[in-house]
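Observations on chain architecture
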Amino acid sequence: MLVKDVMTRQPEWIAPETTLLNAAKTMHDKDIGSLLVGENDRIIGMVTDRDIACRGVAQDLSPAKTPVRKVMSEKIIWCFDDQAIEDAAHLMEGKKVRRLAVMNREKRMVGFLSVDDLAHQTHQLSGEVLDEVTAH
Amino acid sequence: MVFVKEVMTRRVDYVDPGTCVAEAAKRMRNAGADCMPVRYADRLVGMVTDADIACRTVADGRDPATTRVGDVMSHDVPICFDDQDLGAAIGIMEAKHMRRLVVVDHEEHMVGTLALGDLSLNAVPALSQQRWIEAFDEYYQWSK
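Calculation notes
Residues numbered from 1 in each chain as written. Chains lettered and ligands numbered in written order. Predicted model: local features only at pLDDT ≥ 70, side-chain atom pairs only at ≥ 80, totals over all residues. Heavy atoms only, no water. Helix = DSSP H or I, 4+ residues; strand = E, 2+ residues; numbered from the N terminus. Buried < 20%, exposed > 50% of the residue type's maximum accessible area, 1.4 Å probe, protein only. Contact = heavy atoms within 4.5 Å. Areas by Shrake-Rupley, 256 points an atom, 1.4 Å probe, with all protein chains shown as cover. Pairing = 2+ DSSP bridges. Polar contact = N/O pair within 3.5 Å; in protein donor to acceptor, adjacent residues only side chain to side chain. Right-handed = clockwise from strand over helix to strand, strands pointing away. Salt bridge = Lys/Arg side-chain N within 4 Å of Asp/Glu carboxyl O. Axes fitted to C-alpha atoms, helices over the stretch in contact; angles between N-to-C directions.

**Digging into the overall build of chain B**
Scanning chain B from terminus to terminus reveals six helices and five strands. When the helices and strands of chain B are placed in sequence order, the string is α-α-β-β-α-α-β-α-β-β-α. Looking at chain B as a whole, 49% of its 144 residues qualify as buried. Sequence separation of at least 24 residues holds for 56% of the intrachain contacts in chain B that already meet a minimum separation of 6. Summed over its atoms, the accessible surface of chain B is roughly 6,600 Å², and 50% of this surface lies on carbon and sulfur atoms.

What follows is the structure in structure tokens.
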């Protein structure tokens, strides 16, 4: 099974000056957990619900005043949409992230892949566990 | 047959429903956890996640320093029993689309958590090789 079969499509873009409050509203409205941060038609980062919780709320930053630029990850961990989901799971484990950005071969961001997207796939679960076992 | 209690993680981090969301976020960050069980009077009453903090607190314009976990938590918490067999517990994860279950005993006390990561050899070195083979056989049989 390929990443494109289970990923969330149509990633949403927000500007770096968007507040945490408005970023969270967008996540809530679209029922998604990650957003791309873009400036001058270029991706400069990615922000997730976890970034808002751990780098915003846990640091006592005001959601109405703090821009996502302050909590976003500038280094985006990504995979291709035609990669196998086992590869993507490996990447998440290796990089210790719960979400990946997904790019097509034309180098356009086409979606996001979360651990939960993977957890919906029975065979992926077994793959993940077996990978862990063979790694030790 | 392998029981949940043999492979679960026994340490249970939890928060109280009266804890403020900002404090819960700190504990989740420090624990490296994306969710945390909520306990009241020694009973499991809910679960709070990254998404609850972003979408039910921040998105609604509530102040994380004064909003209580009990007001934003999810009430439907996937659980399994400590004496349940592993295959059944994995079945619950699949059915509920969750990677983690809270493990309770029959008095409804939280006694641990079961995550897919617990099924790695590193997590429970005490388990004998034979028991691991059984655990994975059970998992494999179930996943087919």
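Once the structure has been displayed, the description carries forward.
**Here's the deal with the sheet that holds strand β6 (residues 99–103) of chain A**
Residue and element names in this part refer to chain A. An order of β1-β7-β6-β5 is seen for the four strands of this open sheet, with the pairing classed as mixed. Of all strands in the sheet, those bounded by a partner on one side alone are β1 (8–9) and β5 (78–80). As defined by bridge partners, β1 adjoins strand β7 (residues 109–114) across two bridges and the pair is classed as antiparallel. Pairing of Arg9 across the sheet is with Gly111, part of β7.

**With respect to the environment of Arg39 of chain B**
Residues and elements named next belong to chain B. Structurally, the position occupied by Arg39 is in strand β1 (residues 35–40). Each C-alpha atom, one on Arg39 and one on Pro64, is 19 Å from the other, the two residues being 25 residues apart in sequence. When sequence neighbours within four positions are dropped, the list of residues in contact with Arg39 reads Tyr14, Val15, Asp16, Pro17, Val45 and Met110. Within the local environment of Arg39, its side chain forms a polar contact with the side chain of Tyr14, the two groups lying 2.6 Å apart.

**Observations regarding the pairing of β6 of chain A**
Residue and element names in this part refer to chain A. For β6, a buried count of five out of five residues is recorded, marking the element as mostly surrounded by other parts of the structure. Burial of the side chains of β6 extends over both faces: Arg99, Ala101 and Met103 are buried on one face and Leu100 and Val102 on the other. Inspection of the sheet shows β5 paired to β6 by three bridges, in the parallel sense. Bridging from a neighbouring strand, Cys79 pairs with Val102 of β6. Assessed by its sense of winding, the connection that carries the chain from β5 through helix α4 (residues 85–95) to β6 is right-handed. Where β6 and β7 come together, five bridges link them in antiparallel fashion. In the strand pairing of β7, Met103 is matched with Met109. Here β6 folds back onto β7, and the loop between the two strands holds five residues, one of which, Lys107, carries a positive phi near 65°.

**Quick notes on the pattern of salt bridges**
Summed over all chains, the structure comprises 15 salt bridges over all chains. Among the ionic pairs, Asp60 of chain A bridges to Lys26 of chain B, the shortest N-O distance being 3.1 Å. Here Lys26 of chain B lies in helix α2 (residues 21–31) and Asp60 of chain A lies in the loop between α3 (49–56) and β5, a pairing that spans two chains. On the basis of relative accessible area, Asp60 of chain A is assigned to the exposed category, the value being 53%. Residues joined in a network through salt bridges with shared partners are Glu17, Glu39 and Arg69 of chain A.

**Description of the sheet that holds strand β3 (residues 34–39) of chain A**
Residue and element names in this part refer to chain A. With mixed pairing, three strands are arranged side by side in an open sheet as β2-β3-β4. Where the open sheet ends on each side, the last strands, each with one partner, are β2 (13–14) and β4 (42–48). Contacts between helix α2 (residues 20–30) and the sheet are confined to β2, β3 and β4, with β3 contributing the most and set at about 130° to the helix.

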